[in-house]
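# Examining the three-dimensional arrangement
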Amino acid sequence: MVVLSKTKSIAGIVLAGGNSRRFGEDKALYKEAGETSTWVEQTAAKMMPLVDHVFVVTNARLFPNIQTLFANTNIEIITDQAPYLDKGPLGGIYAAMKSGATYDRYLLSPTDTPHITTEIFADLIAQGNTYATTKNAKHYLTACIPYCKTELETMLRADNLRIRELLRTLDVKEQFFDTEAPFENKNSK
């Protein structure tokens, strides 16, 4: 595991606002057989040792359930912020960056990669300004990016909702991981 020496403030953003149409139920609230916590809880727990604060960004429909899950924690649950409602991951990242304290960097993760590890998050943070890639895919939403509220606003105003365009704008580099399993996006049970 990478040992971090924190010189910059960093927040985690768990993206938990998807509609989970292909999955058949809300991925954020899903528990695999034998698990005691939901996927959103697992993702947040893996970030907690590495960051100063964790945001879970969700949609208005899931907000009450997710807020209940984290009621006795210091994890902040937020929804998309007007005027950028229902704008996918970029809208969620914007909501976190707009919601209060500003951090130097933000660790991103979708909630539907339940096998992601704290070690992978630590590697991304240690390299800074990177996103995960593997032999078979680019994992744009598993990344460590700088504060970029202005760039997000520009993209959202233009209805440009592509995460890879944001990463290109910020000159975020690829960080290669040689194993695929932790990044598997679960779209079926």
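All values derive from a computational prediction rather than experimental measurement.

## So, the overall build of the chain
- For the chain, the helix and strand inventory stands at 6 helices and 7 strands.
- Evaluated residue by residue, the chain yields a buried proportion of 48% over its 189 residues.
- Long-range contacts, defined as pairs at least 24 residues apart, comprise 70% of the intrachain contacts of the chain with a sequence gap of at least 6.
- Counting every atom, the chain has about 9200 Å² of accessible surface; 47% of that belongs to carbon and sulfur.

## Things to note about the nonpolar core
- Core analysis: the largest hydrophobic core is formed by 28 residues, its most contacted members being Ile13, Phe55, Ile93, Tyr106, Ile145 and Leu166.
- For this core, the secondary structure elements donating two or more residues are β1 (10–15), β2 (53–58), α3 (88–98), β4 (105–110), β6 (138–146), α5 (149–157) and α6 (163–169).
- Take this core: its biggest share by element is 6 residues, from α3.
- Setting aside residues no more than four positions away along its own chain, Tyr106 makes contact with Ile10, Ala11, Ile13, Phe55, Met97, Ala101, Ala143, Cys144, Ile145, Pro146 and Tyr147.
- Of all hydrophobic cores here, the second largest spans 27 residues; its members include Met47, Phe70, Ile77 and Phe177.

## Points about α5
- Buried residues of α5: Leu152, Glu153, Met155 and Leu156, and no others. Buried residues of α5 fall within an arc of 165 degrees about the axis and therefore sit on the same side. In α5, those exposed residues whose orientation departs by more than 90 degrees from the buried face are Thr150 and Arg157.
- Buried residues in α5 make contact with α3 and α6.
- In the stretch just after α5, Asp159 is the one whose phi turns positive, near 60 degrees.

## Considerations on the pairing of strand β3 (residues 76–79)
- Where β2 lies against β3, 4 bridges are found, and the strand directions are parallel. When the sheet's bridge partners are listed, Phe55 is paired in β3 with Glu76.
- For the segment spanning β2, helix α2 (residues 63–69) and β3, crossover handedness is right-handed.

## A look at the packing of α3 against α5
- Between α3 and α5, whose axes approach to 10 Å, the crossing angle comes to 140 degrees. What the angle tells us is that α3 and α5 run oblique. Judged by the twist between their axes, the crossing of α3 over α5 is left-handed. Along its contact with α3, which presents Leu90, Gly91, Ile93, Tyr94, Met97 and Lys98, the element α5 presents Lys149, Leu152, Glu153, Met155 and Leu156.
- The residue inventory of the contact of α3 with α5, partitioned by class, reads 7 nonpolar, 1 polar and 3 charged.

Thresholds applied
Residues numbered from 1 in each chain as written. Predicted model: local features only at pLDDT ≥ 70, side-chain atom pairs only at ≥ 80, totals over all residues. Heavy atoms only, no water. Helix = DSSP H or I, 4+ residues; strand = E, 2+ residues; numbered from the N terminus. Buried < 20%, exposed > 50% of the residue type's maximum accessible area, 1.4 Å probe, protein only. Contact = heavy atoms within 4.5 Å. Areas by Shrake-Rupley, 256 points an atom, 1.4 Å probe, with all protein chains shown as cover. Core = buried A, V, L, I, M, F, W, Y, C linked by side-chain atoms within 4.5 Å. Arc of directions from axis to C-beta. Pairing = 2+ DSSP bridges. Right-handed = clockwise from strand over helix to strand, strands pointing away. Axes fitted to C-alpha atoms, helices over the stretch in contact; angles between N-to-C directions. Parallel < 35°, antiparallel > 145°, perpendicular 65-115°, else oblique. Left-handed = near helix turned anticlockwise from the far one by under 90°. Nonpolar A, V, L, I, M, F, W, Y, C, P; charged D, E, K, R; others polar.

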